[in-house]
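Below are the chains, spelled out letter by letter.
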Amino acid sequence: MASYHCPDSKTLQEYKDVANKIRIHSINATNASNSGHPTSCASMAEIMSVLFFNAMKYKVSDPRGPHNDRLVLSKGHAAPGLYAAWVEAGLLTEKDILNLRKIDNDLEGHPTPRLNFIDVATGSLGQGLSCAAGMAYTGKFFDKASYRVYCIIGDGESAEGSIWEALSFCSRYQLDNIVAIFDINRLGQSEPTGLQHDMETYRARLEAFGWNTYVVDGHDVGTLCKTFHDASTVKGKPTAILAKTFKGKGMQGIEDEENWHGKPMGGKAESMIEAIKANIVNQGPHTLTIQAPVEDAPAVDITNIKLSDPPAYKRSDKVASRLAFGTALAKLGKNNPHVISMDGDTKNSTFAQKFKDAHPDRFIECYIAEQNLVGVGIGCGTRGRTVPFCSTFAAFFTRAFDQIRMGAISQTNCNFVGSHAGISIGEDGPSQMALEDLAMFRTIPGSTVFYPSDAVSCERAVELAANLPGVCFIRTSRPATEQLYENEEPFVPGKAKVVRKSDTDTALVLGCGITLHMALKAADALAESGINVRVMDPFTLKPFDAEAVIMNAKATGGKIVTVEDHYPEGGLGETVMSAVAGERDIVVKQLAVPRIPRSGKPDELFEMFGISPNHITRAVKEVMKM
């Protein structure tokens, strides 16, 4: 254990000076933009000073380098304080941060990875610790490197359940390379926080969650230096620093006062800055140094990831796409050591179990805590260290929608796989049936939404997702279905497949997953009565092959029927309608689950809720009359 050497009085004073300079930069930046949160920056000023110039190891010349310590500002509204610290570190200038919140500048109101020193976007509160946990897990178990992870959490956001999911996760996996700093400044946005400065209750809760915990004066730089050192020597437990601070610390007439959240100082700024300057001993540039990182993070290559073996199915095989997902993921893991998998205690149903069996050291059980599951996945994927696949029932991703949308802002390449989609799961009933998931993931900027319809296309979707930028979602089904494609069939996002065609087709029917198979059954029944229809598999709902749909619709008389195991809003039908909206003489009849379903056998449910082969057959005959 390294012995602690207290910084000398001159150095401690420089930490205090830097903290006060951070306050001044924050006041100036928020005044320049006439918006922002200077009081929230002021409470964490000493924490930032000691982190940047005593505790953290990093290269200013390479802020996102693989060897650097990581810092997640979960209380993202205090971004000016973070930017101010980077000014003092030499990456930004005082002039730079006066462009805070301007449309042509990347110093936004809350941090995003448009900046090279930001790993994940924050600002939707309560999410930073999960992302930090993913980074720490990656550092400890995958990279096996020296870098540490720090996360600054506001006391107001600690009311979020996702924080407690992350606390549980870090303790479960003994992440002794993570330090959570709670900036307990007593005041929320509209009123004091629930616990205010009840530090002992905070301590009891954190210790109950298995954390090594310190209660400190968050404005005492000497105590902070010692505490960060002590945290670095702890083994087998994550560390929480509960820092008692004051909102607006050092701001005359504002410190610890309500109704100053998110307000620039305006006309008070000049006198306030002068008062803060009076506490700065060294008005010029500081002489503090930054610790260099230990360069022991391994080189990582996550490009051109392929299945170790191609799909190997017979046309007669009946295989659920969820099973094909597990098979494909295990193959990817065999071919690339940086593919990882995590699940929310559904791995025996999603078939992520197959990856765990093949690569147990790269599987993370996140238990029934889907918000943390998503956050950990996003964290694991930062700086290109891993290719994460997060799986659970598709319905359960809806509770983590905020994390997923923030993942897009974070420029994540995390992949999400949702099984048990739609009423096809049968007797489990509506609480387990994903009927909103396609709409949800389609709204995510830059997302790719796969809906494979057999085992071959599912394996290829998994392979494609591993190499695509942005959020990817793969919707898998519970029932086993026949194979539609040969093992060598190529697949491309945004390119549909025509799976049944004749020269006399009178309508175009589109289905995905289980409904594509029902569309083919309906096509067989229609053919017996002399009606031929063309059947199309979109493969991806985003990007969507509008060109192929329009071309095939025009070739079949402009008559389209869509059928989906999803609510009408935001799924296949509305995707098709958007694609043909500018076209003349094309009509679309949409079949979807029209209301909240119930338990029952799948075939009974298909019939009751209007998406069975019988309903498809009737819909084709109806649309032909339009």
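Residues numbered from 1 in each chain as written. Predicted model: local features only at pLDDT ≥ 70, side-chain atom pairs only at ≥ 80, totals over all residues. Heavy atoms only, no water.

For the record, the criterion: UniProt positions are given in the numbering used here, feature names are shortened, and annotations may be inferred rather than shown by experiment.
The chain is annotated in an unreviewed UniProt entry as transketolase from Owenia fusiformis. Turning to the chain, the UniProt annotation filed under Sequence similarities (unreviewed entry) states: "Belongs to the transketolase family." For the chain, the Subunit (unreviewed entry) comment in UniProt is given as "Homodimer."

## Considering the overall build of the chain
Note the cut-off: Helical segments are the DSSP runs of H or I of at least four residues, strand segments are the runs of E of at least two, and each set is numbered from the N terminus. Radius of gyration: C-alpha atoms only; globule rule: 2.2 Å multiplied by the number of residues to the exponent 0.38. Partly exposed residues are those whose accessible area sits between 20% and 50% of the maximum for their type, while under 20% is buried and over 50% is exposed, using a 1.4 Å probe and protein chains only. Contacts between residues were defined by any pair of non-hydrogen atoms, one from each residue, lying within 4.5 Å. Using a 1.4 Å probe, the Shrake-Rupley method yields the accessible areas, and only the shown protein chains count as cover for residues. Counting rule for charge: Lys and Arg are taken as positive, Asp and Glu as negative, and neither His nor the chain ends is counted. Charged side chains are reduced to one point each, which is NZ for Lys, CZ for Arg, CG for Asp and CD for Glu.
Helix and strand counts for the chain come out as 22 helices and 19 strands. Against the 2.2 N^0.38 benchmark of 25 Å for 626 residues, the chain shows a C-alpha radius of gyration of 28 Å, consistent with a compact globule. A principal-axis box enclosing the C-alpha atoms of the chain has dimensions of 90 × 50 × 40 Å. Per-residue burial over the chain gives 61% buried out of 626 residues. Put simply, 79% of the contacts in the chain that link residues at least 6 apart link residues at least 24 apart. In the form shown here, the chain has an accessible surface area of approximately 23400 Å², with 48% of it arising from carbon and sulfur atoms. Of note, the chain has its 65 positive side-chain charges centred 2 Å away from the centre of its 73 negative side-chain charges.

## Quick word on helix 6 (residues 128-142)
One full turn of an α-helix is made of 3.6 residues, so residues set three or four places apart face in the same direction. For clarity, the threshold we go by: Helix span is expected to be 1.5 Å times the residue number reduced by one.
In this model, helix 6 (15 residues) spans 20 Å end to end at C-alpha, consistent with the 21 Å of a helix rising 1.5 Å per residue. Of all 15 residues making up helix 6, 13 are buried, and the element is well covered by its neighbours. Where helix 6 terminates, the next one or two residues include Lys 144, which has phi positive at roughly 50°.

## Some details on the nonpolar core
Formally: The nonpolar core is taken to be a set of buried Ala, Val, Leu, Ile, Met, Phe, Trp, Tyr and Cys residues, with the residues joined through side-chain atoms within 4.5 Å.
Core analysis: the biggest nonpolar cluster contains 75 residues, and Leu 129, Phe 182 and Phe 416 have the highest contact counts within it. Residues contacting Leu 129, with those up to four places away along its chain left out, are Ser 74, Cys 151, Ile 153, Ile 163, Ala 166, Leu 167, Ile 178, Ala 180 and Trp 211. Among the nonpolar cores identified, the runner-up in size contains 60 residues, and Phe 389, Cys 472, Ile 514 and Val 620 belong to it.

## Re the pattern of salt bridges
Pairing is possible between side chains that carry opposite charge, provided their charged atoms lie close to one another. Here is the rule: A pair is scored as a salt bridge if a Lys or Arg side-chain nitrogen falls within 4 Å of a carboxyl oxygen belonging to Asp or Glu.
The final tally for this structure, using the stated rule, is 26 salt bridges. Residue Lys 10 pairs with Glu 14 through a salt bridge whose shortest N-O separation is 3.3 Å. Separated by 4 residues within a single helix, Lys 10 and Glu 14 lie in helix 1 (residues 9-33), roughly one turn from each other. A salt bridge links Asp 176 to Lys 140; the nearest nitrogen and oxygen atoms lie 3.5 Å apart. With a gap of 36 residues between them, Asp 176 in the loop between helix 7 (161-172) and strand 3 (178-184) and Lys 140 in helix 6 connect regions that are remote in the sequence. Classification of Lys 140 by relative accessible area gives partly exposed; the value is 25%.

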